Amino acid sequence: MDDHESPLLSKEPSSSSSSSVVASSFKWILKVLMSVIFVAWIVFLFVYPGKLGDGILTNWRAVSSNTLFGTTGSMFLIFSGPILVISVLASLYLIISGEEKVFTKKKISKFPRFRLWTFPVLVDGPFGVVSAAEFLVIMIFSVFFLWAIYAYTMRDLDLLDLFHVLPEDRSMLLLEITGLRFGMIGLLCMVFLFLPISRGSILLRLVDIPFEHATKYHVWLGHITMAFFSFHGLCYVVAWTVQGRLLELLFEWKAIGIAVLPGVISLVAGLLMWVTSLQYVRKHYFELFFYTHQLYIVFVVFLALHVGDYLFSIVAGGIFLFILDRFLRFCQSRRTVDVISAKSFPCGTLELVLSKPPNMRYNALSFVFLQVRELSWLQWHPFSVSSSPLDGKHHVAVLIKVLGGWTAKLRDQLSKLYEAENQDQLLSPLSYPKITTCVEGPYGHESPYHLAYENLVLVAGGIGISPFFAILSDILQRKRDGKACLPKKVLVIWAIKNSDELSLLSSMDIPSLCPSFSQKINLEINIYVTRQSEPLLEDGMVHKMVNPSVKPRSNGCPMSVLVGTGDNIWAGLYLVSSTIGFVLMITLLDIFYINKFNITAWWYKGLLFVVCMVASVLIFGGLVVVFWNLWGEKAGDVEPNGHDKVTTNGGELHNPSAELKGLNTEDDIQSFITTRYGTRPDFKEIFESLNEKWGSVDVGVIVCGPASLQSTVAKEIRSHSIWRSTNHPLFHFNSHSFDL
């Protein structure tokens, strides 16, 4: 390693350097192999609409269709096989890589470096904030759509000459063929549709894209997929209406060929999901969006009935990975999780501290999905984790701002707990208020990338500060314990509406986390109170005005370890066993049923294909889940239960050093916190000031807040004035926010 590079994070030292070389070489081989498979797969999908792609598929079917699985197997191998092979190789890669990534302090270049995945190119418009890499992908997809429409149009015009139809029927035939092509383009888009919404996906972990960031890719793909499917249906409706056969053909259900009625049902379900997923509906009528989106089951099943197993195998790979993730989430979410403590802040924000097993791993900037059964058995809401993995092995904390009906009900339930605490002897056990929670997650980045920069700028709006508490706690405790930690300068910019939100600072006692922290890290917290022109009399004590914590009565247990982002070995076994089980079930089905009894109905074979996908996950994947769960419980029992280490005093959850209790740190707090009233942060001025103060260094910029805040920061990062000089910091842009 060069003199100017030093490792930040690494696993425990190896017993020999040779094993490290072998592991690195194996990882390099896996990366090359995955890259080759992925590029070849993408190139094939790109050329598929043209004559070249049709020729490749024809030759492939001639070679592979004589196998046991026939033409369906050949289609599955070339369209869905690559993504499953990459997933298996990715699981092996993550197992070899271990849990932590090695960050290095690299030599500073005198020229600014351009990072495709982090530099914002578009900041306004329908796509929101778009990085250079995302913009490049959007352009590639746009070119593909134009190319596919052109290629299919040329092929269709040549195809018309093969049909002997009357001139007046020629246009209707062309319209039907065009509708068929639109449907095929929709299927090619659907190949990718389910990949971004697999929360614990091996593929997302491989490229280190967290689920909440990948969700927008699903939104983009969903819009374009449903647009092509809508054109597909519209072309047929117009053609059949002109022919006077609309009602007759809409209800047609062929045994051999395309079954129309299942396609109509699938399209209607897709349109309902599409309309209710629009931004306005999702923001103002979230429950309508959430419940309607469960129609994806109808959409997928009836699509399989519509096109049969042959065409459905084109999209089966992504759907199979989604089923794997969905079943694992179902298993994890069945467990009732113990709430160690609950607390309410003066600003109305709530804090829940949840029990977790000591062997559950997560990083700062993680989040969980939370269900409270006293409020709803169906609603799940995402919340950022506000605690660091170093805060304790037995708990995670989340901050919840009261913004809507569900969070308001949770606040009322917590108020009932406070009242019950005061009249404990008067209440029977049955009437005592409860908070029964279930948890999915945690999810987030595969690596703690906030540790990859010497300089951090953390920009938060309102409750967006909660994940930054996890980042600050992680950095400070690493500094305190002498662990490798690259950040030396951290600037926090926090915009809030009213000063009562300052009470959230009490959830983390910075001086107690890291005594003499000012000698180890340059920390600044600039707070902007936008709706008050001057401080109130109680603002100086607002951080002390916090209601005491309560301990809900619960028969729960720690969070389940059954999460896709958990143990790499078990997640890999789950994937491999389910995939092998699927291939085995399809083989047995073909030998002992389909081929033996000459089953030819397309829709029925499509249904059997879906049943095999689901059954393989339930049976073969379920067997691994059982042993995974037993391993998690056994590993969790190795250490004593940690609830006695976590008191109901929220402040002590972030004060592991007992010798620091009682210290007066008021002066230290005021030394690094600056509060401004009646103004908003001027990011242009802030970034230019940092450019002068910090010089030519890498700067990680993380924005947690509403889309408007992300756009404002991204616009200043992208602006010419910030990038005019060669001696300026590099801004790493990322976002981490939710609509709660």
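Under the annotation held in an unreviewed UniProt entry, the protein carries the name FAD-binding FR-type domain-containing protein and is attributed to Brassica rapa subsp. trilocularis. On record in UniProt, under Subcellular location (unreviewed entry), the comment for the protein is "Membrane".

1. Digging into the overall build of the protein
Scanning the protein for helices and strands turns up 24 helices and 14 strands. Of all 740 residues assigned to the protein, the portion counted as buried reaches 53%. Across the protein, every contact between residues at least 6 apart in sequence was considered, and the portion connecting residues at least 24 apart equals 80%. By element, 63% of the accessible surface of the protein is carried by carbon and sulfur atoms, the whole surface being about 33700 Å².

2. Here's the deal with the nonpolar core
Counting residues in each nonpolar core, the largest one holds 119 residues, and the members touching the most others are F79 and F312. For F79, the contacting residues outside a window of four places in its chain are W41, F44, L45, Y48, L57, L188, S313 and I314. Grouped together as the second largest cluster of nonpolar side chains are 40 residues, L458, I465, F469 and L523 included.

3. Re the sheet that holds strand 7 (residues 395-400)
Taken in spatial order, the three strands line up as 3-4-7 in an open sheet, and their pairing is antiparallel. For this open sheet the edge positions go to strand 3 (339-344) and strand 7, each flanked by a neighbour on one side alone. Along the sheet, successive strands turn relative to each other by an average axial angle of 15°, direction set aside. Two strands pair when backbone bridges link them, and strand 3 and strand 4 (residues 350-355) are joined in this way by five bridges, in the antiparallel orientation. The residue bridging S341 from the neighbouring strand is V353, located in strand 4.

4. Notes on the packing of helix 5 (residues 132-160) against helix 8 (residues 211-243)
At a closest axis distance of 13 Å, the pairing of helix 5 and helix 8 adopts a crossing angle of 15°. Taken as axis vectors, helix 5 and helix 8 run roughly parallel relative to one another. Crossing hand, helix 5 versus helix 8: right-handed. Contacts between helix 5 and helix 8 involve E134, I138, F141, F145 and I149 from the former and H213, K216, Y217, W220, L221, I224 and F228 from the latter.

5. Notes on the sheet that holds strand 5 (residues 367-372)
Read across the open sheet, the three strands follow the order 6-5-8; overall the sheet is antiparallel. In the strand order of this sheet, the two ends are held by strand 6 (381-384) and strand 8 (437-443), each with one partner. Here the average twist between neighbouring strands, direction ignored, is 30°. Direction of pairing for strand 5 relative to strand 8: antiparallel, over a ladder of five bridges. When the sheet's bridge partners are listed, F367 is paired in strand 8 with Y443.

6. Brief notes about the side chain of H218
In this fold, H218 is placed in helix 8. Among the residues examined, H218 registers a relative accessible area of 16% and is labelled buried. One polar contact links the side chain of H218 to the main-chain carbonyl oxygen of L193, over a distance of 2.9 Å.

7. Observations concerning the packing of aromatic side chains
Inspection of every chain in the model, using the stated rule, returns 38 aromatic pairs. With a centroid separation of 5.6 Å and 85° between ring planes, the pair formed by W253 and W603 is classed as edge-to-face. Pair noted here: W253 is in the loop between helix 9 (246-250) and helix 10 (260-276) and W603 is in helix 19 (residues 602-638), with a separation of 350 residues, a long-range link. Judged by its relative accessible area of 36%, W253 is partly exposed. An aromatic cluster is defined as three or more aromatic residues linked by ring pairs; in this entry it consists of F38, W41, F46, F141, F144, F145, F182, F192, F228 and F231. Over the aromatic face of F369 sits the side chain of R199, whose NZ or CZ is 3.7 Å from the ring centroid.

8. Here's the deal with helix 5
An ideal rise of 1.5 Å per residue puts 42 Å on 29 residues; helix 5 measures up with 42 Å between its terminal C-alpha atoms. Along helix 5, the positions that sit buried rather than exposed are A132, A133, E134, I138, F144, F145, A148, A151, Y152, R155, D156 and L160.

9. Remarks on helix 8
If you check helix 8, its first and last C-alpha atoms are 47 Å apart, about what 33 residues at 1.5 Å a residue would give, namely 48 Å. Where helix 8 terminates, the next one or two residues include G244, which has phi positive at roughly 75°.

10. What to know about the pairing of strand 4
Of all six residues in strand 4, six are buried, a share of seventy percent or more. Going residue by residue along strand 4, you find L350, L352 and L354 tucked away on one face and E351, V353 and S355 tucked away on the opposite face as well. As defined by bridge partners, strand 4 adjoins strand 7 across six bridges and the pair is classed as antiparallel. Paired with L352 across the strands is V398, a residue of strand 7.

11. Some remarks on the environment of R480
Looking at where R480 falls in the secondary structure, it is placed in helix 16 (residues 466-481). In sequence terms R480 and S512 are 32 residues apart; their C-alpha atoms lie 10.0 Å from each other.

12. What to know about the confidence of the model for the protein
The predicted coordinates ought not to be read in detail in places where the model reports low pLDDT. Here the protein averages 82 in pLDDT, and 83% of its residues register 70 or above. Contacts from residues 1-7, a stretch scored under 50 in pLDDT, to residues over four places away or in other chains number 15 contacts. Note on residues 9-15: pLDDT under 50 across the span, and 17 contacts to partners over four residues away in sequence or across chains.

13. Quick word on the pairing of strand 7
For strand 7, the tally of buried residues reaches six of six residues, placing the bulk of the element in the interior. Neither face of strand 7 is left uncovered, since the one carrying H395, A397 and L399 and the one carrying V396, V398 and I400 both have all their residues buried.

About the cut-offs
Residues numbered from 1 in each chain as written. Predicted model: local features only at pLDDT ≥ 70, side-chain atom pairs only at ≥ 80, totals over all residues. Heavy atoms only, no water. UniProt positions renumbered as here; feature names shortened; annotations may be inferred. Helix = DSSP H or I, 4+ residues; strand = E, 2+ residues; numbered from the N terminus. Buried < 20%, exposed > 50% of the residue type's maximum accessible area, 1.4 Å probe, protein only. Contact = heavy atoms within 4.5 Å. Areas by Shrake-Rupley, 256 points an atom, 1.4 Å probe, with all protein chains shown as cover. Core = buried A, V, L, I, M, F, W, Y, C linked by side-chain atoms within 4.5 Å. Pairing = 2+ DSSP bridges. Axes fitted to C-alpha atoms, helices over the stretch in contact; angles between N-to-C directions. Parallel < 35°, antiparallel > 145°, perpendicular 65-115°, else oblique. Left-handed = near helix turned anticlockwise from the far one by under 90°. Polar contact = N/O pair within 3.5 Å; in protein donor to acceptor, adjacent residues only side chain to side chain. Phe/Tyr/Trp six-rings, centres within 6.5 Å; stacked < 30°, edge-to-face > 60°. Lys NZ or Arg CZ within 6 Å of the ring centre and 35° of its normal. Expected span 1.5 Å × (residues − 1). pLDDT = per-residue confidence, 0-100.

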